[in-house]
Amino acid sequence: LDAAELLDASSITAWQKKRKVTYKYGYRRAGVALSHSPQGPFQFIHALLPNGEKSLDLQLYQEGLTAYLIRSVNNKFVGISQLSEDYLDIV
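Scoring rules and cut-offs
Residues numbered from 1 in each chain as written. Predicted model: local features only at pLDDT ≥ 70, side-chain atom pairs only at ≥ 80, totals over all residues. Heavy atoms only, no water. Pairing = 2+ DSSP bridges. Helix = DSSP H or I, 4+ residues; strand = E, 2+ residues; numbered from the N terminus. Contact = heavy atoms within 4.5 Å. Core = buried A, V, L, I, M, F, W, Y, C linked by side-chain atoms within 4.5 Å. Buried < 20%, exposed > 50% of the residue type's maximum accessible area, 1.4 Å probe, protein only. Axes fitted to C-alpha atoms, helices over the stretch in contact; angles between N-to-C directions. pLDDT = per-residue confidence, 0-100.

What follows deals with the pairing of strand E6 (residues 66-73). Here strand E5 (residues 55-63) runs beside E6; their pairing, made up of 7 bridges, is antiparallel. Within E6, the residue paired with Tyr61 across the bridge is Tyr68. Bridge analysis of E6 against strand E7 (residues 77-82) gives 6 bridges, and the strand direction is antiparallel. Residue Ser72 lies in a different strand from E7, and its bridge partner there is Val78. Here E6 folds back onto E7, and the loop between the two strands holds 3 residues, one of which, Asn74, carries a positive phi near 55°.

Bringing the environment of Leu58 into the picture now. Here Leu58 is to be found in strand E5. For Leu58 and Gly31, which are 27 residues apart along the polypeptide, the C-alpha to C-alpha distance reads 9.8 Å. Apart from the residues within four sequence positions on either side, Leu58 is in contact with Arg29, Ala30, Leu69, Ile70 and Arg71.

Attention shifts here to the nonpolar core. With 7 residues, the main nonpolar core is built from Ala30, Val32, Leu48, Ala67, Leu69, Leu83 and Ile90. Elements represented by at least two residues in this core include exactly strand E3 (30-34) and E6. Residues within four places of Ala30 in sequence aside, it is in contact with His46, Ala47, Leu48, Pro50, Leu58 and Leu69.

Attention now goes to unusual backbone geometry. Here the bond from Gly40 into Pro41 is cis, since omega is 5°, no more than 30 degrees from zero. Its place among the elements puts Pro41 in the loop between E3 and strand E4 (43-48). Not every positive phi belongs to a glycine, and Asn74 is a case in point at roughly 55°. As for its placement among the helices and strands, Asn74 is situated in the loop between E6 and E7.

This part covers the sheet that holds E5. Paired through backbone hydrogen bonds, the strands of a sheet run either parallel or antiparallel to each other. Spatially, the 3 strands line up as an open sheet ordered E5-E6-E7, and their pairing is antiparallel. The sheet is open, and its two edges are formed by E5 and E7, each paired on a single side. For this sheet, the mean angle separating the axes of adjacent strands, direction not counted, is 25°.

Here the chain averages 82 in pLDDT, while 73% of its residues score no lower than 70. When mean pLDDT is compared element by element in the chain, E7 scores highest at 95, while strand E1 (residues 4-6) scores lowest at 50.

See below:
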């Protein structure tokens, strides 16, 4: 699901120039895949925009039988969404 694209020189910020970053992420979604083993192979199920928001830096958190998707929402705030029982979608 990597949809990083190259930036043109006019849109590169000073911060990006200092760190030699020349790409941006255009496909900010959560990818959902299944496997019988943590090592794979994985079968892609779907990609989603959790709560309709572009998301980066995804993490999972489980408390008891309830799981949550924690993420950066468009690098503006932290989003926390409860996952369905099968972990395949947002409740």
